[in-house]
Amino acid sequence: MKCKSIIFAYMEWLLGKDLDQLTRMVTELGLPRYTGKQLADWLYKKQVKQIGEMTNLSKAARERLSSRYVVGGFAPVQVQESKDGSRKYLFPTKESFFIESVMIPDQKRATLCVSVQAGCRMGCRFCMTARQGLQAHLTAGEIIGQFQHVRERALLTNAVFMGMGEPMDNLDEVLKSLNILTADWGWGWSPRRITVSTIGILPQLKRFLDESECHLAISLHHPFDAQRQALIPMQKVHPLADTLALVRQYDFSGQRRVSFEYIMFKGVNDALPHAAALARLLKGLECRVNLIRFHAIPDSSLQPSSDEAIALFQKKLSDSGISVTLRASRGEDILAACGLLSTPKSHTNPQPIQ
């Protein structure tokens, strides 16, 4: 079994390839072009786990494919369930690290919070993922694998790219995965079911806005540059002003949405002058602000704001004409809430999907 697992880990995955890639691949193997569409159907609509299950392909075609490829995807090695019904999944990666994904149920919705990197190199002070640094970029197959190998895959209604890693730092693979999720030959989801989060990395953000119709969420967290840089070191390289100037060039008055994530830290960014400055910063922009309670992390001087401070902050924004919501905390008891995902350990024996 160990030998089989090692072979599996190093064979090329079909999962994560788009229709053009699949079509080129099958023609190189001497198979008809239409086999590419058949493969996409088996991979993303029927979601089979073995090439042998692709029964409308000839036996010779399946054998030819199996000699060079596997479907791909890893089973989760651990699943934890929160008292609020959220589930956190631990997945191995091809680079011998781990990632975490979180399924968040909410009445008729089931949202999957997916990761795009093992670790992260943005260095945000309030995030456990940042503490482990960047270990590996995920492939589109590893991103899509999170969707296809959670228990609730048939029930998922939405997705947020807000797990481990910075999506704009792995944009090629993120865009591939978004294409697979939204294409007719793929999952067939509307892009309005997906939100991608970023601290604001240029010029990658412009490319995302041009090439995807998914919603955008920007991690803002402080309206003043120096203080934001203390929380988000990449502010020095990618100033918030540049991010906002870019966002204002796009139309968010229709179905596509831009939101701003704002984690509340006691005595750092939760006073009424901060709210007033934030309202000025976003004035005239069709957007929503999501206020988020800070989930304390070990050995950090940052503390969560009081309920009273959050309520006053929320009212000030609302009175200033800003659409604002307070995001409910989910999965904190299993370390699945915002900023708590962390997988510093590595593995040596990823197990193939059976």
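Above this note sits the structure.
Let me sum up the structure you'll find in this document.

Definitions and limits used
Residues numbered from 1 in each chain as written. Predicted model: local features only at pLDDT ≥ 70, side-chain atom pairs only at ≥ 80, totals over all residues. Heavy atoms only, no water. Pairing = 2+ DSSP bridges. Helix = DSSP H or I, 4+ residues; strand = E, 2+ residues; numbered from the N terminus. Axes fitted to C-alpha atoms, helices over the stretch in contact; angles between N-to-C directions. Salt bridge = Lys/Arg side-chain N within 4 Å of Asp/Glu carboxyl O. Buried < 20%, exposed > 50% of the residue type's maximum accessible area, 1.4 Å probe, protein only. Right-handed = clockwise from strand over helix to strand, strands pointing away.

**A closer look at the sheet that holds strand β11 (residues 215–219)**
Pairing in this open sheet of ten strands is mixed, and the strands run β3-β4-β5-β6-β9-β10-β11-β12-β13-β14 from one edge to the other. The sheet is open, and its two edges are formed by β3 (78–81) and β14 (323–327), each paired on a single side. Neighbour-to-neighbour, the strand axes of the sheet open up by a mean angle of 20°, direction not taken into account.

**As for the pattern of salt bridges**
Pairs can form between side chains of opposite charge once their charged atoms are near each other. For the coordinates displayed, the defined rule picks out 15 salt bridges. Where D84 meets R330, a salt bridge forms, and the shortest distance between an N and an O atom there is 3.5 Å. With D84 in the loop between β3 and β4 (87–92) and R330 in the segment after β14, this residue pair connects regions lying 246 residues apart in the sequence. Residue classification places D84 among the partly exposed positions, given a relative accessible area of 30%. With its nearest N and O atoms 3.7 Å apart, the salt bridge here joins K176 to E173.

**Some thoughts on the pairing of β11**
The element β11 is largely enclosed, with a buried count of five among its five residues. The pairing of strand β10 (residues 194–198) with β11 spans four bridges and is classified as parallel. In the strand pairing of β11, S197 is matched with A217. Handedness of the crossover joining β10 and β11 through helix α8 (residues 204–211) is recorded here as right-handed.

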